[in-house]
Amino acid sequence: MHRLLSEFRSEFLNDLELRRPYRGKSGTNWLVSGVWSDCLKCWLLKRWGSCRFELPLPNRRRLDAALCRKAGVDFVDESSPMDLALEWEWDQNKVCEKFPGGDFRKLFEVSTKCGLAIVQTRVDGRRGLGQANRTIQKLGTQFAKYQAQYRDTAGQRDIALIEIRRVEHSRDEVLFQGYWWLNGFEKESELGEWRFSSR
């Protein structure tokens, strides 16, 4: 595993405090998208010397974050050298159906030392493991495809995945468990858990 990914994993475990999800207008939901995106951006700005969010890519696309340890780096487009390319998606349905063949590809297209995706999956209630397992399988399949497709520029690039899995969800409480996957996503390691309550 690339040193930068190892450092990110350690910092994510020990330093990042995910904020309590937004309860919505009804006060009964647990909405992570806006809250966790803002939380992640604030944390990245403190940990990395240079950050560019929404980096423009061809075909009117954007990379969620281009990161470099060195300060003062000017990221212009997909050819700008970066230490870490980062994409995230919190909608579990988009993660399963669109992310593997869409935004995930960007981690192979840009000029970076390594790549990282952060996604939410859900197994709470009656959902079971089906969709979450399909998501990991699809990402693993696309990893192999992109590794071959971009073998001249990104064939040896380390790509990691942080899966934040919603395992319990009720009106009063929600529980997430984190998993770290690397290069093909065959075996995960635990990243801890986050529990939030209305009390």
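Up top is the structure these notes are about.
Residues numbered from 1 in each chain as written. Predicted model: local features only at pLDDT ≥ 70, side-chain atom pairs only at ≥ 80, totals over all residues. Heavy atoms only, no water.

Caption draft 1: Expanded view of the packing of aromatic side chains. Applying the stated criterion across every chain, the model contains 14 aromatic pairs. Where F12 meets W43, the ring centres are 6.3 Å apart and the plane angle is 90°; that geometry is what we call edge-to-face. You can see F12 sitting in helix α1 (residues 3-15) and its partner W43 sitting in helix α2 (residues 33-47), a full 31 residues away along the chain. A residue is classified by how much of its surface remains accessible, and F12, at 2% relative accessible area, is buried. Every member of this aromatic cluster is reached through a ring pair, and the members are F99, F104, F108, F143, Y146 and Y150. In this arrangement the basic side chain of R23 is found over the ring face of W30, its NZ or CZ atom lying 3.6 Å from the centre. Here K41 stacks its cationic end above the ring of F53, 5.7 Å away from the centre of that ring. (Phe/Tyr/Trp six-rings, centres within 6.5 Å; stacked < 30°, edge-to-face > 60°. Helix = DSSP H or I, 4+ residues; strand = E, 2+ residues; numbered from the N terminus. Buried < 20%, exposed > 50% of the residue type's maximum accessible area, 1.4 Å probe, protein only. Lys NZ or Arg CZ within 6 Å of the ring centre and 35° of its normal.)

Caption draft 2: Fine view of the pairing of strand β1 (residues 50-57). Relative to strand β2 (residues 61-68), β1 runs antiparallel, the two sharing 7 bridges. Across the sheet, P56 pairs through a bridge with R62, a residue of β2. Counting the residues between successive antiparallel strands, the hairpin from β1 to β2 contains 3 residues, one of them, N59, with a positive phi of roughly 60°. (Pairing = 2+ DSSP bridges.)

Caption draft 3: Seen up close, the side chain of T112. Here T112 lies in strand β4 (residues 112-122). Using a relative accessible area of 10% as the deciding quantity, one classes T112 as buried. From its side chain, T112 meets the backbone oxygen of M82 in a polar contact 3.5 Å long. Apart from the residues within four sequence positions on either side, T112 is in contact with M82, D83, L84, A85, L107 and R157. (Polar contact = N/O pair within 3.5 Å; in protein donor to acceptor, adjacent residues only side chain to side chain. Contact = heavy atoms within 4.5 Å.)

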